[in-house]
Amino acid sequence: MSTRQMKLYDKANSILEIRQDARDYQNVFERIRRLCDAFDKHPASAYETSIIKQACDDVVAGSAAGEAARFALREHVVEEIGRLSDEELPRYICYRYRYDVFPYKKQLDDFPPCLQIEPASICNYRCVFCYHTDRELTLPKNGYMGLMTLELFKKVIDQAEGKCEALSLASRGEPLINRDIEDMLAYAAGKFLALKINTNAWFLDERKSHAILQAGVSTLVFSADAASEPLYSQLRVNGKLDRILANIRQFQEIRAHHYPDSITITRVSGVRFGDDQNLDDMEQFWGDLVDQVAFVKYNPWENTYDRPVNDVTTPCSDLWRRMFVWWDGTINPCDVDYLSTLAVGDADNEELSEIWNGDKYNALRKAHLACRRNSITPCMRCTFV
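Residues numbered from 1 in each chain as written. Predicted model: local features only at pLDDT ≥ 70, side-chain atom pairs only at ≥ 80, totals over all residues. Heavy atoms only, no water.

Overview of the overall build of the protein chain
1) Next: On a plain count of helices and strands, the protein chain comes out with 14 helices and 10 strands.
2) Next: A compact globule built from 385 residues would reach a C-alpha radius of gyration of about 21 Å, and the protein chain, at 20 Å, matches this within 12%.
3) Next: For the protein chain, with 385 residues in total, the buried portion stands at 56%.
4) Next: Expressed as a percentage of contacts within the protein chain between residues at least 6 apart in sequence, the contacts between residues at least 24 apart total 75%.
5) Next: Element-wise, carbon and sulfur atoms account for 47% of the exposed surface of the protein chain, whose accessible area totals about 16700 Å².
6) Next: Between the mean site of the 47 positive side-chain charges and the mean site of the 58 negative ones, the protein chain shows a separation of 4 Å. (Helix = DSSP H or I, 4+ residues; strand = E, 2+ residues; numbered from the N terminus. Rg over C-alpha atoms; globule rule 2.2 N^0.38 Å. Buried < 20%, exposed > 50% of the residue type's maximum accessible area, 1.4 Å probe, protein only. Contact = heavy atoms within 4.5 Å. Areas by Shrake-Rupley, 256 points an atom, 1.4 Å probe, with all protein chains shown as cover. Lys, Arg positive; Asp, Glu negative; His and termini not counted. Charge placed at Lys NZ, Arg CZ, Asp CG, Glu CD.)

Dropping the structure here:
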């Protein structure tokens, strides 16, 4: 199959369209310009300062030229910056530059820009576009299903604090299904500027809503792909739209009444799977309950290992962007490989920084850089770049 005939999935640009209230871009831009002018006064390390300066220079130069710079402020990034203090801004800019630009420069340092932790690989849904439709993954006897212990979670957080700003609680399963999720959130509170949760909202009760808001989660993504039945339950099999709507409405009420100064951004995000999904309908249905409504690109996650071998040679950006820590401590370079054939380490017995810069990870990077994706399973069948 020719690369020209297939749709590549650009992980850095997975959002097809996003709707949100207009944030004052000019104010955010001026804050970054001031940071650019004063970067040498910032008490960060010389390494961090150089990154902050380059990021700020890119933003300022890109805006002045009216063109997209290497590092630019996307809509959702502007929203995130708008909720940060000036004291937090340098840390955030440093993180975001590493996240957005390092994968394209193929630059590596001591720790991944983003750590994606899986509190649970179990999910109560069987969405038509998800790997949970593969019985090889979900059969309990195969050993892929489980819940992360609070002890392991704390061990991972302790290593990430101060080295990483982006922590996402999401991967193969539904994070709120973990019985320790409230304690996990409390332990992560205040340690990361970009703490994110992806949830189907089925288990989003009052206690969990308070835990999320008390932890200062920066972005809470509700995964929902439709604004009506039967389409919702056809796509999100085992789900019920009325329950999800009630849970999200309750969360919004709790946030409004008890946490009026909350920094948490809420987003309904759907996978654009078919022509019957419409962002206008999504915005009309969900818009009053969340801050953002979006669609992301569809990628056939549900059958990675059955897809035809392709001729993609572009390196996968995630090898320089994020590390996945699964419920049992398995470290995997991506979640397209949901059966862990590329496992590169064990968080329960190894240091994350050593895994990130270790032989297994670097062998994958070298193979991708040498245009040898077709020598690796399932990279040879994947369209992520």
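A closer look at the packing of helix 9 (residues 206-214) against helix 11 (residues 241-258)
1) Next: Close contact between helix 9 and helix 11 brings their axes to 10 Å; oriented N to C, the two are set at 50 degrees. Our classification of the angle between helix 9 and helix 11 gives oblique. Crossing handedness for the pair helix 9 and helix 11: right-handed. Listed contacts from helix 11 to Glu206, Ser209, His210, Ile212 and Leu213 of helix 9 are Gln250, Phe251, Ile254, Arg255 and His258.
2) Next: Among the residues forming the contact of helix 9 with helix 11, the class breakdown is four nonpolar, four polar and two charged. (Axes fitted to C-alpha atoms, helices over the stretch in contact; angles between N-to-C directions. Parallel < 35°, antiparallel > 145°, perpendicular 65-115°, else oblique. Left-handed = near helix turned anticlockwise from the far one by under 90°. Nonpolar A, V, L, I, M, F, W, Y, C, P; charged D, E, K, R; others polar.)

So, the packing of helix 7 (residues 150-160) against helix 8 (residues 181-188)
1) Next: Direction vectors running N to C along helix 7 and helix 8 enclose 20 degrees, while the axes themselves pass 10 Å from each other. In terms of axis orientation, helix 7 runs roughly parallel to helix 8. Considering only the axes of helix 7 and helix 8, their crossing is right-handed. From helix 7, Leu150, Phe153, Lys154, Ile157 and Asp158 reach across to helix 8, where they touch Asp183, Met184, Tyr187 and Ala188.
2) Next: By residue class, the composition of the contact of helix 7 with helix 8 is six nonpolar, no polar and three charged.

Looking at the sheet that holds strand 10 (residues 345-346)
Sheet strands line up and pair through hydrogen bonds in the backbone, either parallel or antiparallel.
1) Next: Strand order across the open sheet formed by 10 strands is 1-7-6-5-4-3-2-8-9-10, with mixed pairing between neighbours. Edge positions in the sheet fall to strand 1 (15-20) and strand 10, since each of these pairs with one other strand and no more.
2) Next: Pairing analysis gives five bridges linking strand 1 to strand 7 (residues 292-296), with the strands arranged antiparallel. Of the residues in strand 7, the one forming a bridge with Arg19 is Val293.
3) Next: Here helix 12 (residues 279-286) sits on the sheet in contact with strand 1, strand 6 (265-271) and strand 7, set at roughly 150 degrees to strand 7. (Pairing = 2+ DSSP bridges.)

What about the environment of Phe273?
1) Next: As for its position among the elements, Phe273 is in the loop between strand 6 and helix 12.
2) Next: For Phe273, a relative accessible area of 36% gives the class partly exposed.
3) Next: Residues Phe273 and Val296, spaced 23 residues apart in sequence, show a C-alpha to C-alpha distance of 9.2 Å.
4) Next: Discounting residues that sit within four places of it in the chain, Phe273 has contacts with Val128, Phe129, Leu235 and Tyr298.

Digging into unusual backbone geometry
Negative phi values dominate among residues other than glycine, just as trans dominates among peptide bonds.
1) Next: Here the bond from Glu229 into Pro230 is cis, since omega is 5 degrees, no more than 30 degrees from zero.
2) Next: The topology assignment puts Pro230 in the loop between strand 5 (219-223) and helix 10 (231-235).
3) Next: Look at the link from Thr377 to Pro378: it is a cis peptide, with omega at 5 degrees.
4) Next: Mapped onto the elements, Pro378 comes out in the segment after helix 14 (359-369).
5) Next: For Asn238, which is not glycine, the phi torsion reads 85 degrees and is therefore positive.
6) Next: Along the chain, Asn238 turns up in the loop between helix 10 and helix 11.

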